[in-house]
Each structure stands twice: as structure tokens, then as C-alpha cells.
Amino acid sequence: MIITKQKLNTLIAAAAKETKFYAPVEGSNGIEYVETTGEQPIAFDYVNVKLSSKGIFFPQREVLCTFCSGSLKDIPVPEDKLIVFGGRPCDARSLLYLDRIFEDQSTQFADPYYVTRRQNALMITLACNEPAATCFCTTVGGNPTESEGSDILVFELGNELMFEDFTEKGREFIEKYEEFFDYTTDDHMVLKDEKAKQATEALNNRSANFNVPEKEKLDNIFEEAIWETVTNNCLGCGACTYLCPTCHCFDITDETNG
């Protein structure tokens, strides 16, 4: 289905009445995900955000429980419905790696906070037309227009956006808000295929000399002195873990107030 960029904010306003709607907008730290109801202009002129959508599902800080006057009180698992719009295919795919850690139902350690947010979320991903010089998704099995991890994949065709659903969640969303859309034409499909081909070819040419280190090579250099040098420069702030879309390390601490 097709919707114009001007009409997108009307769709967002309608959807935001029933669910939390996150989208990339221009903020104090560049392009960032914010909860919006359609008033702010959605950013399209960007390669990717500094902080991926991981922060929506796995926040940097989160209170799990409180203890006061001998009473322990759990913080309820969030039940809000979520729509996350505008992430790139690589970020949508990265969440599948976090799912393997936090949604593992074969153990007692599945994270109910993460799991509930993911189950309640609709992922609307924006395909890449012009990957950055630093992008390399095709080298690691990805693609600038892949749908893995997305409920809906959106193709930017000039002033129009083409919505293509890949899951039942995505199909239900488009059907629910069908009044905001028009049907695609053959011209739309041709333009979509052209842009997808151009983006993939650009990445393939760029990634020709990019080699992913083999695990055996990493194992062999694990004890080398270079890592000690790197460690000495680390402040232990956890910023790298927070920035990386697939990092899942965390700590649990007690904090005293009053």
C-alpha cells in the first residue's frame, strides 16, 4: 500500500491514540527515537540513529523493585502496546539476537520486561536507499531491504512510502488503517525494485575488501597484549554496551534513597 509523507503524520496521530508510537525525529543528539503523536516531522534524511530501537525494549536504566519499611514491591511488567517506526533493517534484525537471550523459555531466566515489550510491539522498518560508506550488512548475511525482524517494511519512493507487510501483525495494522493508504501500481513496484538493486550493488561493491575475522583468529589473539592496552583506556561506563544494537550485558544494583 502507498501513503504520502504528508499523510503519514495523520496516520501516526490515529495510531498513537491507541498505542505508544516511536519514530525518528531531529533531537538534541541528532536523529533519535521519541514517542510522538504526529505533531513532529518524521526524519527520513538519515542513514541510522546513534541509539537503536534496542533502548525501547532494553532500557539503559530500569527499576525492577523497591524496598521500603520492610516491604518489597515489584514494579509491574509494562503492558503498553508499541509501534516502532523508521528503524533500519540491520537494527530490526539485531533484535532477533537479543530475543535469543531474553526470550529463552527453556530456562527460568526469560526477562518478562523485555519479552512483554517485544510481544506488544509492531516493527515498521524503513529500507535503506543510500547505505553509508561504513555500512557492511551484506557481508554478514544482511541486506538493505531485508524483512527479517520486521512486521512491515517501508520503501521510500520520493514523496511516497510503500508499506509491505511480512507478518500477521503487519497485515492487521495495514487493514485497520486502510483508509489512509492507496494501492500500489506497477510503477511503484518497478521503482522499489530499482532502488533495492542500487542499494545492494553499492554495498556489495563497497564490502568487497571487507573481511569478517574468523572465530579461530579471534581465539588465537585472545591473550595478546593489545587487549590490556585497550582495557586500560576503558572507564567502565557501559556506553559501548548501550550503543551496540546486539549487546546484552547488564548489571543489577541496589540504590539507597533518603
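Once a new chain begins, its residue numbering starts again from 1 and follows that chain's sequence as written. Confidence filtering applies because this is a predicted model: local features only for residues at pLDDT of at least 70, side-chain atom pairs given and counted only at 80 or more, and all residues used for totals across whole chains, interfaces and linings. The basis for every side-chain value is the complete set of non-hydrogen atoms in the structure, without hydrogens or water.

### Quick look at a nonpolar patch on the surface
The grouping of Leu 64, Phe 250 and Ile 252 at the surface amounts to a nonpolar patch, some 320 Å² of accessible area in total. Relative to the helices and strands, Ile 252 is located in the segment after helix 9 (239-243). Relative accessible area decides the class of each residue, using a 1.4 Å probe on protein chains only: under 20% of the type maximum gives buried, over 50% gives exposed, and in between gives partly exposed. Relative accessible area serves as the criterion here: at 59%, Ile 252 is assigned to the exposed category. Patch rule: a residue counts if its relative accessible area is over 30% and it has no salt bridge; like charges are joined within 9 Å, and nonpolar side chains (Val, Leu, Ile, Met, Phe, Trp, Tyr) within 5 Å. In this description, accessible areas are obtained by the Shrake-Rupley approach with a 1.4 Å probe, and a residue is regarded as covered only by the protein chains that are shown. Think of a salt bridge as a Lys or Arg side-chain nitrogen and an Asp or Glu carboxyl oxygen that are within 4 Å of each other. We count a stretch as a helix when DSSP gives it H or I for four or more residues in a row; a strand needs E for two or more, and each element gets its number in order from the N terminus.

### Brief notes about the packing of aromatic side chains
By convention, a stacked pair of Phe, Tyr or Trp rings (six-membered ring in the case of Trp) has centres within 6.5 Å and planes under 30 degrees apart, an edge-to-face pair has planes over 60 apart, and any other such pair is tilted. Overall, the coordinates contain eight aromatic pairs when judged by the stated rule. Seen in terms of ring centroids, Phe 102 and Tyr 114 are 5.1 Å apart; in terms of plane orientation they differ by 45°. Their pairing is tilted. Highlighted residues: Phe 102 in helix 3 (residues 89-102) and Tyr 114 in helix 4 (residues 112-119), separated in sequence by 12 residues. The same class applies to Phe 102 as to Tyr 114, namely buried.

### A few points about the pattern of salt bridges
The tally for this structure, following the rule as stated, stands at 12 salt bridges. For Lys 192, the salt bridge is made with Asp 193, and the minimal N-O distance between the two is 3.9 Å. A cluster of three or more residues bridged by salt bridges with shared partners is formed by Arg 93, Glu 146 and Glu 148.

### Here's the deal with the nonpolar core
The tendency in soluble globular proteins is for nonpolar side chains to be buried side by side. Residues enter a nonpolar core if they are buried and are Ala, Val, Leu, Ile, Met, Phe, Trp, Tyr or Cys, with the set joined through side-chain atoms within 4.5 Å. Formed by 43 residues in total, the largest nonpolar core has its most connected members in Leu 8, Phe 57, Phe 85, Ile 124, Phe 163 and Phe 173. Throughout, a residue-residue contact means that at least one pair of heavy atoms, one from each residue, lies within 4.5 Å. Every residue in contact with Leu 8, bar those within four places of it in the chain, is listed here: Ile 3, Ile 42, Phe 44, Phe 85, Leu 161 and Phe 163. Listed in part, the six residues of the second largest apolar core include Ile 2, Leu 153, Phe 155 and Leu 157.

### Topic: the side chain of Ser 52
Mapped onto the elements, Ser 52 comes out in the loop between strand 3 (30-35) and helix 2 (54-57). Exposure remark for Ser 52: the relative accessible area of 10% places this residue in the buried category. Not counting chain neighbours up to four residues away, the residues in contact with Ser 52 comprise Tyr 33, Asp 91 and Pro 245.

### Some words on the side chain of Asp 99
Examined against the element boundaries, Asp 99 turns out to sit in helix 3. Among the polar contacts listed, one links the side chain of Asp 99 to the side chain of Arg 118, at a separation of 2.7 Å. Beyond its immediate stretch of four places on either side in the chain, Asp 99 contacts Asp 104, Tyr 114 and Arg 118. Polar contacts, as counted here, are pairs of nitrogen or oxygen atoms within 3.5 Å of one another; within protein the pair requires one atom able to donate a hydrogen and one able to accept it, and residues that are adjacent in sequence qualify only if both atoms are side-chain atoms.

### Focus: the sheet that holds strand 7 (residues 121-126)
Backbone hydrogen bonds are what pair the strands of a sheet, in a parallel or an antiparallel way. At least two DSSP bridges between two strands are required for those strands to pair. Spatially, seven strands are ordered 1-9-8-7-6-2-3 in an open sheet, and the strand pairing comes out mixed. A single partner strand is all that each edge strand has here, and the edge strands are strand 1 (2-4) and strand 3. With strand direction ignored, the average angle separating the axes of adjacent strands in the sheet is 25°. Where strand 7 lies against strand 8 (residues 152-157), three bridges are found, and the strand directions are parallel. Among the inter-strand pairings, Leu 126 is bridged to a residue of strand 8, identified as Val 154. Note on geometry: axes are C-alpha line fits, over the in-contact stretch for helices, and angles between N-to-C directions span 0 to 180 degrees. The strands touched by helix 1 (residues 5-16) are strand 1, strand 2 (20-27), strand 6 (82-87), strand 8 and strand 9 (160-165); relative to strand 1, the strand with the most contacts, the crossing angle is about 105°.

### Considering helix 3
End to end, helix 3 covers 21 Å across 14 residues, agreeing with the expected 20 Å (1.5 Å per residue, within 8%). Every buried residue belonging to helix 3 is among Pro 89, Asp 91, Ala 92, Arg 93, Ser 94, Leu 95, Leu 98, Asp 99 and Phe 102, and all of these are buried. On its buried side, helix 3 packs onto helix 2, strand 6, helix 4, strand 7 and strand 8. By this rule the span expected of a helix is its residue count minus one, scaled by 1.5 Å.

### Quick notes on helix 4
In terms of burial, helix 4 is largely enclosed, as six of its eight residues are buried. Within helix 4, burial applies to Tyr 113, Tyr 114, Val 115, Thr 116, Arg 117 and Arg 118. If you follow the buried residues of helix 4, they end up packed against helix 2, strand 6, helix 3, strand 7 and helix 5 (168-176). Regarding helix 4, its N-cap is Asp 111, as a side-chain oxygen of that residue lies 2.9 Å from the backbone nitrogen of Tyr 113 further along.

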